[in-house]
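The primary structure of each chain is shown beneath.
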Amino acid sequence: MELNNTKRNTIGMPLVGFGTYQLSINQASTCVKEAIMAGYRHIDSAEAYNNEEGTGIGIKEGMEAAGISRQELFVTSKLFPGYKQWGAPEKDYEQTIETLKSQLVELQLDYVDLYLIHAPLSELRLEQWRGLIELKHLGLAKNIGVSNYDQMQIEEIIRAGMVKPDANQIEFHPICANHKLSAYMKEMSIEPIAYSSLAPLSSWRKEEGQGGEVLADIKEECQRIVHEIAVELKVSDAQVLLRWGMQQGYSVLTKSSKSERIRENLDLYSFELSTDNMRRLDQLNQNQAIAWAASGINPMTTAPTLV
Ligand SMILES: NC(=O)c1ccc[n+]([C@@H]2O[C@H](COP(=O)([O-])OP(=O)(O)OC[C@H]3O[C@@H](n4cnc5c(N)ncnc54)[C@H](OP(=O)(O)O)[C@@H]3O)[C@@H](O)[C@H]2O)c1
């Protein structure tokens, strides 16, 4: 059994990452530092999380406290592409480049290891992709990728004669297991990254205003089965869901504002799910996205047609 928490995929990304969505600036600095001290070597950030200043402090203090160099840490961030329906202006090529430069100032970094277009919400997404290619040439992003892109939007990039994304970060858990897209990404050697692995749990985004109450009824069966497996394996329900994502070949991301959970969510190598338990969880798939539901859209299905 694999016991090494620093196992990495083909772009050098550790298979377990610490997510920073819904952390305040202060929480981001404390929790990111704590995550690095606990052993996380992969931090997932984004322009849209409005907390990169805190994440930057957490990275700096965490690296110092853990005695690690920048090269040992894998940092991902994302471009918010703009979205007309929300009144957010769409970013062009130059703005894409300038955005990462400003983010790097907030993050107190010289480069990110992976830079993603957060979602295919803009008509300018090919121009934005061209911007990411330039950012890679400039050395400001070691790898470039996308998030919430379905096969169709990845094919748009390839048809336009540009290099394919190195990675695609998507919602992925037993209720939302997009196997068709997973197979396509495997065929194309695009690294899969799972977000919101814990969305099926009743404890997911439970605090006021976090939006965890959405689609609560469709999660009940999954919660029952996950809990049975967790009792059998003497691990937590969260560990079962995260391990399921890893055994599906994904890197997983997980966020917590609580010390104990930060440590628990990293402990994914001391157990494994049997074929039978994997099958029980696989049977729960409804291709039902949950993570963005509170904001009223599914980013995988709302891409505007390109003009
Ligand atoms: N690209 C995208 O569109 C996109 C979308 C969503 C997320 N993401 C990224 O993926 C990361 C992970 O997704 P997520 O934020 O939805 O996180 P998650 O890890 O799937 O779930 C976090 C929620 O579960 C709770 N939780 C954490 N650990 C737990 C445990 N061991 N037991 C019970 N409950 C637990 C947390 O509460 P406490 O904080 O109170 O512990 C929080 O409410 C994000 O932070 C972000 O970096 C990307």
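Described below are features of the structure shown in this document. The structure displayed is predicted, hence computed values, not measured ones.

Moving on: the site of the ligand. Within the structure, the ligand sits among 29 residues, and Asp-44, Ser-196, Arg-205, Ser-256 and Lys-258 are positioned closest to it. In this structure, Ser-203 approaches the ligand through a side-chain N or O atom, which is 2.8 Å from a nitrogen atom. One nitrogen or oxygen atom from the side chain of Thr-254 is found 3.0 Å from an oxygen atom belonging to the ligand. The fraction of the free accessible surface of the ligand (900 Å²) that becomes covered by protein chains is 96%. Elements that contribute at least two residues to the shell around the ligand include exactly β8 (251-254) and α9 (259-264).

Membership of the largest hydrophobic core comes to 94 residues, with the highest contact counts inside it found for Phe-18, Trp-129 and Leu-281. The biggest single contributor to this core is helix α8 (residues 237-247), with 6 residues. Residues within four places of Trp-129 in sequence aside, it is in contact with Ile-117, Ile-144, Gly-145, Val-146, Ile-157, Met-162, Val-163, Lys-164 and Pro-165.

Another point: the side chain of Lys-78. The topology assignment puts Lys-78 in strand β3 (residues 74-79). Polar side-chain contacts of Lys-78 include one of 2.6 Å to the side chain of Asp-44. Polar side-chain contacts of Lys-78 include one of 3.0 Å to the side chain of Tyr-49. Those residues in contact with Lys-78 that lie beyond four places of it in its chain are Asp-44, Ser-45, Ala-46, Glu-47, Tyr-49, Gln-103, Tyr-115, Leu-116, His-118 and Gln-169.

Turning our eyes to something else, we now look at the packing of aromatic side chains. Working definition: an aromatic ring pair is given by the centre-to-centre distance plus the angle between the planes. On inspection of all chains with the given rule, the structure shows 6 aromatic pairs. Centre to centre, the rings of Tyr-21 and Tyr-49 are 5.0 Å apart; their planes meet at 45 degrees, and the pair counts as tilted. With a gap of 28 residues between them, Tyr-21 in the loop between β1 (16-19) and α1 (25-38) and Tyr-49 in the loop between β2 (42-44) and α2 (52-66) connect regions that are remote in the sequence. Between Phe-172 and Trp-244, the aromatic rings sit 5.0 Å apart at their centres with planes inclined by 20 degrees, giving stacked as the arrangement. Pair noted here: Phe-172 is in the loop between β6 (167-171) and α6 (179-187) and Trp-244 is in helix α8, with a separation of 72 residues, a long-range link. Judged by its relative accessible area of 1%, Phe-172 falls in the buried class. For Trp-244, a relative accessible area of 1% corresponds to the buried category. One aromatic cluster is present, formed by Tyr-83, Trp-86 and Trp-292 through successive ring pairs. Here the basic side chain of Arg-70 rests over the ring of Tyr-111, its NZ or CZ set 4.1 Å away from the ring centre. The ring of Tyr-111 carries the charged tip of Lys-142 above its face, separated from the ring centre by 4.4 Å.

Moving on, we get to the pairing of strand β7 (residues 191-195). For β7, a buried count of 5 out of 5 residues is recorded, marking the element as mostly surrounded by other parts of the structure. Of the two faces of β7, both are covered, the one formed by Glu-191, Ile-193 and Tyr-195 as well as the one formed by Pro-192 and Ala-194. Where β6 meets β7, 5 bridges bridge the pair, whose relative direction is parallel. Pairing of Ile-170 across the sheet is with Ala-194, part of β7. Pairing analysis gives 2 bridges linking β7 to β8, with the strands arranged parallel. Directly across from Ala-194, in β8, lies its bridge partner Val-252.

Attention shifts here to the side chain of Thr-99. With respect to the helices and strands, the residue Thr-99 is situated in helix α3 (residues 93-107). What makes Thr-99 buried here is its relative accessible area of 10%. Setting aside residues up to four positions removed in sequence, Thr-99 forms contacts with Glu-47, Leu-79, Lys-91 and Tyr-115.

A word on the sheet that holds β2. Strand order in the closed barrel formed by 8 strands is β1-β2-β3-β4-β5-β6-β7-β8, and the pairing between neighbours is parallel. Strand-to-strand twist across the sheet, computed as the mean angle between neighbouring axes with direction ignored, equals 30 degrees. Sheet analysis places strand β4 (residues 112-117) next to strand β5 (residues 141-147), joined by 5 bridges and oriented parallel. Looking at the pairing, Tyr-115 lines up with Ile-144 of β5. Seen against the sheet, α8 touches β1 and β8 and runs at an angle of roughly 155 degrees to β8.

Parameters at a glance
- Residues numbered from 1 in each chain as written.
- Predicted model: local features only at pLDDT ≥ 70, side-chain atom pairs only at ≥ 80, totals over all residues.
- Heavy atoms only, no water.
- Near = heavy atom within 4 Å.
- Polar contact = N/O pair within 3.5 Å; in protein donor to acceptor, adjacent residues only side chain to side chain.
- Areas by Shrake-Rupley, 256 points an atom, 1.4 Å probe, with all protein chains shown as cover.
- Helix = DSSP H or I, 4+ residues; strand = E, 2+ residues; numbered from the N terminus.
- Core = buried A, V, L, I, M, F, W, Y, C linked by side-chain atoms within 4.5 Å.
- Buried < 20%, exposed > 50% of the residue type's maximum accessible area, 1.4 Å probe, protein only.
- Contact = heavy atoms within 4.5 Å.
- Phe/Tyr/Trp six-rings, centres within 6.5 Å; stacked < 30°, edge-to-face > 60°.
- Lys NZ or Arg CZ within 6 Å of the ring centre and 35° of its normal.
- Pairing = 2+ DSSP bridges.
- Axes fitted to C-alpha atoms, helices over the stretch in contact; angles between N-to-C directions.

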